[in-house]
Structure formats: structure tokens, C-alpha cells
Amino acid sequence: MEFKLAVLIIKYIFAIGIIWIIWMFPAWLARQNKIAGVQMAQVRFSSWVFGWTGIGWLMGLWWAVKK
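Residues numbered from 1 in each chain as written. Predicted model: local features only at pLDDT ≥ 70, side-chain atom pairs only at ≥ 80, totals over all residues. Heavy atoms only, no water.

Engineer: Any details on the overall build of the chain? Residues and values, ideally.
Structural biologist: In terms of helices and strands, the chain carries three helices and zero strands. Along its sequence from the N terminus, the chain presents helices and strands in the succession α-α-α. Computed over C-alpha atoms, the radius of gyration of the chain comes to 16 Å, more than 25% over the 11 Å expected from 2.2 N^0.38 for 67 residues, which places it beyond the range of a compact globule. Along the longest, intermediate and shortest principal axes, the C-alpha atoms of the chain span 55 × 20 × 15 Å. The buried share of the chain, taken over its 67 residues, is 22%. A total of about 5,400 Å² of accessible surface is found on the chain, and carbon and sulfur atoms cover 78% of it. (Helix = DSSP H or I, 4+ residues; strand = E, 2+ residues; numbered from the N terminus. Rg over C-alpha atoms; globule rule 2.2 N^0.38 Å. Buried < 20%, exposed > 50% of the residue type's maximum accessible area, 1.4 Å probe, protein only. Areas by Shrake-Rupley, 256 points an atom, 1.4 Å probe, with all protein chains shown as cover.)

Here it is in C-alpha cells:
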């Protein structure tokens, strides 16, 4: 029983980590593309606040790669 619980906990921690990485990807990509100022704030705001909608995440991703 304890082994099953440990595996379940590890599985959920791993899943949360992957979701967090995907959620933060637009902000990381914008930093790699050297986007600064207001555009960086737009990327971070849209991906962090509205990222759960999917549309906000895509907007942040679009702003992150736009030059």
C-alpha cells in the first residue's frame, strides 16, 4: 500500500512539473529572444494569468516569437 501511494505521489509531482514547464514556456522563450520592456510584460502576463485558458498561452507564445 505504501509503495502505491509513493508511486502516485511521484506521478502527480511529475505531471505538475510538466504542466508548469509548458505554462512558463512563453516567458522563457521571450527571454531567449531578448524581448524586453512592455512586450516582455505582455508575454508574462498573458501566459501566467490567462495561460490556463489556452488562448492566453497562445497569445503569450505569439508575442514571444514576434520580433
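Engineer: An account of helix α2 (residues 38–49) is needed here, citing residue identities and associated values.
Structural biologist: Compared with an ideal rise of 1.5 Å per residue, which puts 12 residues at 16 Å, α2 spans 16 Å between its outermost C-alpha atoms and is within 8% of the ideal. In the core, the buried residues of α2 are packed alongside α1 (2–32) and α3 (55–65). (Expected span 1.5 Å × (residues − 1). Contact = heavy atoms within 4.5 Å.)

Engineer: Outline the environment of A41, listing residues and values.
Structural biologist: By secondary structure assignment, the location of A41 is in helix α2. Residues A41 and A27 lie 14 residues apart in sequence; the distance between their C-alpha atoms is 8.9 Å.

Engineer: Residues and numbers for the confidence of the model for the chain, please.
Structural biologist: Where the model shows low pLDDT, its predicted coordinates should not be examined in detail. Taken over all residues, the pLDDT of the chain has a mean of 87, while the share at 70 or more is 99%. Per-element mean pLDDT across the chain ranges from 85 in α2 up to 92 in α1. (pLDDT = per-residue confidence, 0-100.)

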